[in-house]
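The lines below spell out each chain.
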Amino acid sequence: MIEFTLWDILRNLLLATRWTILLSLVSFIGGGAVGLGLLFLRISKNKAFRIFAKYYIELFQGTPLLMQLFIAFFGLGLFGIDVPAWLAAGLALILWTAAFLAEIWRGCVESVARGQWEASASLGMGRLQQMRYVILPQALRVAIPPTVGFSVQIVKGTALTSIIGFVELSKAGTVVTNATFQPFTVYGLVALIYFVLCWPLSKSSQILERKLNVAHRNH
């Protein structure tokens, strides 16, 4: 029987952690880009655009991420489309992330006083100019804490991708456990690594929120 040292276990988990971090970054950046597009559709004057964005957000917020992963991986296979696990995982997480970020950002945009819209319109600014030069800079300060906070959910959400065979941290934990028969050691380290990844993000969100509240009171 092969003996596995603590370092052997940790090394294998850290190798898989790279994929967790990469998938989290892809989901956050890709979801942010799609979410920004959804935000503009959500606050558009065009009713059809608003309805599309509204139902997109409700669909992805109202259904389990696990189901979305299954559809991205197995659903497309029904049409003869062979989707690698990493691609299905990235696609599902990007679309899921976009729905939540778009709604977070919509609330931040709507928190900007209506007078700011009216003042910028009186200067002859178009809708896009209003957003770029007046509304978004103000909404950004409010949006940073909840956006950073949601990134924690993205990191933890990557664990569900193991169900479609993507080998990230939690999947690696299962594989290593099957090889070492040391579930408490392995999953203890998995939990510790997730904590190391998520705690700084969660703490940063709290610090940013406190600074924002102080700045708001001083203002």
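Shown above is the structure to which this text applies.
What counts, and where the lines are drawn
- Residues numbered from 1 in each chain as written.
- Predicted model: local features only at pLDDT ≥ 70, side-chain atom pairs only at ≥ 80, totals over all residues.
- Heavy atoms only, no water.
- Buried < 20%, exposed > 50% of the residue type's maximum accessible area, 1.4 Å probe, protein only.
- Helix = DSSP H or I, 4+ residues; strand = E, 2+ residues; numbered from the N terminus.
- Contact = heavy atoms within 4.5 Å.
- Expected span 1.5 Å × (residues − 1).
- Arc of directions from axis to C-beta.
- Axes fitted to C-alpha atoms, helices over the stretch in contact; angles between N-to-C directions.
- Parallel < 35°, antiparallel > 145°, perpendicular 65-115°, else oblique.
- Left-handed = near helix turned anticlockwise from the far one by under 90°.
- Nonpolar A, V, L, I, M, F, W, Y, C, P; charged D, E, K, R; others polar.

**Student:** Which parts of the structure should I look at to understand helix 3 (residues 65-75)?
**Tutor:** Side chains of residues three or four places apart in an α-helix project in the same direction, reflecting 3.6 residues per turn. What helix 3 keeps buried is the set Leu65, Gln68, Leu69, Ala72 and Gly75. Structurally, helix 3 contributes buried residues whose contacts are with helix 2 (47-62), helix 4 (85-110) and helix 6 (127-157).

**Student:** Please explain helix 7 (residues 169-180) as it appears in this structure.
**Tutor:** The terminal C-alpha atoms of helix 7, which comprises 12 residues, lie 16 Å apart, in line with the 16 Å expected from a rise of 1.5 Å per residue. Along helix 7, the residues that are buried comprise Leu169, Ser170, Ala172, Gly173, Val176, Thr177 and Thr180. End-on, the buried residues of helix 7 take up no more than an arc of 150°, which puts them together on one face.

**Student:** Got a minute to help me understand the environment of alanine 99 in this structure?
**Tutor:** Tracing the backbone through its elements, the reader meets alanine 99 in helix 4. With relative accessibility at 0%, the residue alanine 99 sits in the buried group. A sequence separation of 40 residues divides alanine 99 from leucine 59, and the C-alpha atoms of the two residues are 8.6 Å apart. Once residues within four sequence positions are removed from consideration, alanine 99 is found in contact with Leu38, Tyr56, Ile57, Phe60 and Gln61.

**Student:** Hey, could you run me through the packing of helix 1 (residues 6-42) against helix 4 in this one?
**Tutor:** Helix-helix packing is described using two parameters, namely the angle between the two axes and the distance between the axes. One way to put it is that helix 1 packs onto helix 4 with a least axis distance of 6 Å and a crossing angle of 45°. The angle between the axes of helix 1 and helix 4 places the two elements in the oblique class. The crossing of helix 1 and helix 4 is right-handed. Tallied by class, residues from the contact of helix 1 with helix 4 come to 16 nonpolar, 7 polar and 3 charged.

**Student:** Could you clarify how one ought to interpret the environment of lysine 203 in this entry?
**Tutor:** Inspection of the secondary structure puts lysine 203 in helix 8 (residues 183-218). Relative accessible area serves as the criterion here: at 33%, lysine 203 is assigned to the partly exposed category. With 55 residues separating them in the primary sequence, lysine 203 and valine 148 have C-alpha atoms 9.4 Å apart.

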